[in-house]
Amino acid sequence: MIKTVNLTKVFRTDEVETTALNNISIEIKKGEFVAVMGPSGCGKSTLLNILGLLDTPTKGDFYFLDENVAGYSERQRARLRKHNIGFVFQNFNLIDQLNVFENVELPLIYLRMSAKERKEKVHEALEIMQIAHRVKHYPNQLSGGQQQRVAVARAVVSKPHFILADEPTGNLDSKHGDEVMRLLSGLNEKGTTIIMVTHSQRDAEYSHRIIHLFDGQVLSENVK
Amino acid sequence: MWINYLKIAFRNLIKHKLYALINILGLAIGIASFILIWLYIIDELSYDRYHEHAKNTYRLVNVYDFEGVGENSASSPFPVAWTLKSDYPDIIQNVTRVFNRQAPRTLIDNEFVSYNERHFFFADSTFFQIFDHEFIMGNPNTALDEINSVVITESTAKRYFKDENPMGKTIRIEKMLDLKVTGVIKDVPHNSHFTFDFMASLSTMRKPYGGQLPRTWVWNPCWTYLVLKEGTAKTLEKSFPAYINKYFYDAEKENVTLYLQPLVDIHLKSKLDYEIEPNSNITYIKILGVIAVFLLIIAIINYINLATATSAGRAYEIGIKKVFGAFRSQLVYQFLMESVILSLIALFVSLFIIELLLPHLNNFSGKELQIGILIQPVYAAILLMIGIGTGLLAGLYPALYLSVFNPIMALNNKLSKATKGGLGRKTLVVIQFVISIVLIIITLHIYEQVNYFKNADTGFDKENIVIIPISGTTISRAYEPFKEELLQNPNIQSVTAMDDMLGVAHNTHEFRPEGFPEDKWSFYPALVIRYDFLETFGIKLVAGRDYSEEMKTDPEKGMLINESMVRHVGWKSNEEAIGKKFRSLQGEERVIGVFADFNATSLHEPAGPFVLNIKETPGVIVFFLKYVAIKVADQNKEETIAFIESKWNEKEQGRPFEYNWFDQELAQLYNDEEVLGDLSLILTAIIIFIAALGLYGLVSFMAAQRTREIGIRKVFGAEQGSIMVLLSVEFMKLVGIAILIAWPLSYLLIDEWLNYFAYQMNIDTLSFVIGALAAFAIAMLITNSRAYIVARTNPVNTLKYE
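A brief report on the enclosed structure follows. The model shown is predicted, which means the values in this text are computed figures rather than measured ones.

Taken together, Tyr316, Ile320, Val323 and Phe324 of chain B make up a surface patch of nonpolar side chains, about 450 Å² in accessible area. Tracing the backbone shows Val323 of chain B in helix α10 (residues 315-323).

Shown next as structure tokens:
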């Protein structure tokens, strides 16, 4: 479903050239739950950005749903992204000016769904995330755990094939962290493919497979 | 410490090149425009103030009001000046009369050259005691004492005498009278309500008038200036009724009022009949002043706006400084210093811009403005205050605001939430757009009004008519043969003559219409003309007949009046007026024809009763023939002019041939409006430019604030287009609000301005639409150009630091 072949990402500034990813070749199958681990600066987030179609590789091939998207334009990637991928971030990235409902509704608007349909889907997602009672609240009126549940609701509301999670529990205490992990795990059981970057061995335990990155290269792949 | 501040200030400038450029440029252009207008206004206000007695010098104005007809005359009868002086010796310190024979041109020659001079005057010997002019040669107190003496300006001396010493040499006027040069003065400063190249002794005119100057109290050709003892103007004006009663003719007494017009007010406030030169208009100066102040305010607020917007990005630096022990006061100094440096740079740049533009402004306005005046302590201080003040104001907000932040918050870049302050900025954008839209609409209207004037149906033809000034010429004494010879040419369709320029100026003549009481004489606007006047100018005859050379009694007994006159007298129809009698100074005249109303002067004034009259008394006829008007065919104009010139040269040996196209003469009536239109176009462009810079800054600022939000939206599928819409919609709303305010405001302002004219174009709705569309287009262009950049940013870059 996702496959990279010798994927390389180089960042250049005026004087410095940094190789963030170096010949990464991995494959992720439909329905898998994969964790990506490694120390700071090993390229985890860069990999996730490319897998999430937010960024493009410098070299190598990237097959997304069997299409080689390595050379896709921003517009093409945006199309693919909004139909197929949901994101969850460490710091939630909710829009402060929008309330819970509106935040979750956002991806559906960009899918040009009707208002009625949007309403149904948002409520369904909020129900699943057990946050429906806070629908009129703004992000700053919620606890961290609640905010992340809203963020997960936003990630799943359009029923994407993939969810990419970047340290989804990084800003949460262990209780709320576990709660979020159980939600993700539940989504995975219903068929959503999940790729998660994490520092936490405890979170990684929820996955089927752990990819260890070090200095931009795959160190090991542990299948459990 | 200060070195460190300076270092950071300059590095910041370099780091934020675009902002610095926008900021400096916007402020510099604002200050430069403000100073340019300021120089212009200082100059306009300086007219005639260079004379020592300026404050106590007045011009006597004569108002003749005969139930709505008559004149407001800037000039007075000959005897007025000296009878006033001798009747009120305690009040009036000095008087002088200025006289130009009511001749638009005076032929001057000497052995070398000859010119038709426009700036030739006679004056009493006291002239140079009242008006201070720097004498290069001669004595100001005695230069005009003798008859046949003349004072000339430096450049006139060069024209007539090259490098020779002109003192004691002679020039000849109208090939009749020799004048001896008794003084040479520096050229008359441009900031004088009239300029002259020659000032001859008025006593010279005694001889041509038969031994003494005219004693009539009816003819009023002398511009009369009085120097009063300080604070006595009101007292003198109170005694005018008694004075009028003592001297003026019984028939006039009731209808004449005199008043004093301060010399220093003439240039800006005087719009009388028989002005020596057209004056400026205080309203236009006020309009310019208001625009200038707006411009400066917009530039300053914009500068503050941009400066504060950029400062939000400095939170990190502030955080580090605070962590390492900076006091709040040190941070405040740093911000203020940076901001003042920037505004002083802008001030400096503005001086360059002024230096660059001043020659163009001078060229365009006919002035001699100099940047040097700004070195004077007062002006230099004001300039510096603008520079430093703007800098302080701009620096104060970020200085006080940012320096209070908790360093942890600042380091974590959590300031974006706190630095919204959106309402103030939005208000500013709205104000800028209101001003821009109003100015666009007003500028369009000024141009349209000028066009309307130029193309308006004034009731006479303007095209293909050549005007030749002939006063004092041989041709004026033998006009009919000249006309006959001209008509030989098939390209010359019609020829006539008149005593003033139709559509520009006219005299008034004394009449008593039939049916009016015995003592009820009125001065009616009138032109003295020759045959074929109606035909040459295409004026419609609506009843009766035109003057005819066949009818021998026409010149003495016949007159033409217009439809307004028919209504004024109270006759029921134009036909009824035919054959009616008017008493005139020549006896009795009958109405032979009624012509359609035309605009005898500019369209600032409405058309009223008017008389066209032929006078044939020998001696008088020469005086009244000042212009020949020749209607020529549309083709072969150059040949026709050459033909006219050849005929002129046959008759006028040595007198230069001069001609003007009638339509161009008329267009000069609206110079004021045209200059105002051009100026307001330029200022509008500048204000829009500055407003655009400000908007660009604001859009950038808002986009920067919303970077994270935009990033999130993009991650969840927003495409570039929808991000651009997101960012622009807000500004379009502001422009919409601005339009709603600007429309009624413009309407009121234009309505007010148009009231100044007797003939107004309709308020033009299209220009309202244009103003609004222009504002939208500008806002769209700017917001989209910025939003495009933001919308293209990869969300990975904006989100990863969170």
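Residues and elements named next belong to chain B. Pairing is antiparallel across the open sheet formed by 4 strands, whose spatial order is β15-β23-β14-β24. Each edge of the open sheet is held by one strand with a lone partner, namely β15 (492-498) and β24 (660-661). The pairing of strand β14 (residues 465-469) with β24 spans 2 bridges and is classified as antiparallel. Following the sheet pairing, Ile467 is matched in β24 by Asn660. Against the sheet, helix α16 (residues 479-487) touches β15 and β23 (627-632), its axis set at about 160° to β15. Taken strand by strand, helix α22 (residues 637-651) contacts β14, β15, β23 and β24, and its axis lies near 25° from that of β14.

Attention now goes to unusual backbone geometry. At Lys159 of chain A, a position not held by glycine, the phi torsion is positive, near 50°. Mapping Lys159 of chain A onto the fold places it in the loop between α5 (144-156) and β8 (162-166). Using a relative accessible area of 53% as the deciding quantity, one classes Lys159 of chain A as exposed. You will see that Asn148 of chain B, though not glycine, has its phi angle at about 60°, which is positive. Position of Asn148 of chain B relative to the elements: it lies in the loop between β7 (135-137) and β8 (149-153). When its relative accessible area of 25% is taken as the criterion, Asn148 of chain B is described as partly exposed.

Residue and element names in this part refer to chain A. Strand order in this open sheet of 6 strands is β7-β8-β9-β4-β10-β11, and the pairing throughout is mixed. The outermost strands of the open sheet, each flanked by one partner alone, are β7 (85-88) and β11 (217-223). This sheet shows a mean twist of 15° between the axes of neighbouring strands, independent of strand direction. Sheet topology places β7 next to β8; 4 bridges connect them, and they run parallel. Counterpart to Val88 in the pairing with β8 is Ala165.

With 23 residues of chain A at the contact, the number on the chain B side is 18 residues. Interface of chain A and chain B: buried area, both sides summed, is about 2000 Å²; carbon and sulfur atoms make up 54% of it. The partner of Glu719 of chain B in a salt bridge is Lys82 of chain A, and the shortest N-O contact between them spans 2.9 Å. The interface formed by chain A and chain B holds 5 residue pairs in polar contact (both at pLDDT 80 or more) in total. Counting residues per element, the ones that place at least two in the side of chain A that touches chain B are α2 (74-84), α3 (100-110) and α5 of chain A. The element contributing the most residues to the side of chain A that touches chain B is α2 of chain A, with 6 residues. Of the residues that constitute the side of chain A that touches chain B, the class distribution is 11 nonpolar, 4 polar and 8 charged.

Definitions and limits used
Residues numbered from 1 in each chain as written. Chains lettered and ligands numbered in written order. Predicted model: local features only at pLDDT ≥ 70, side-chain atom pairs only at ≥ 80, totals over all residues. Heavy atoms only, no water. Patch = residues over 30% accessible without salt bridge, like charges linked within 9 Å, V, L, I, M, F, W, Y side chains within 5 Å. Areas by Shrake-Rupley, 256 points an atom, 1.4 Å probe, with all protein chains shown as cover. Salt bridge = Lys/Arg side-chain N within 4 Å of Asp/Glu carboxyl O. Helix = DSSP H or I, 4+ residues; strand = E, 2+ residues; numbered from the N terminus. Pairing = 2+ DSSP bridges. Contact = heavy atoms within 4.5 Å. Axes fitted to C-alpha atoms, helices over the stretch in contact; angles between N-to-C directions. Buried < 20%, exposed > 50% of the residue type's maximum accessible area, 1.4 Å probe, protein only. Buried area = accessible area lost by both parts, 1.4 Å probe. Polar contact = N/O pair within 3.5 Å; in protein donor to acceptor, adjacent residues only side chain to side chain. Nonpolar A, V, L, I, M, F, W, Y, C, P; charged D, E, K, R; others polar.

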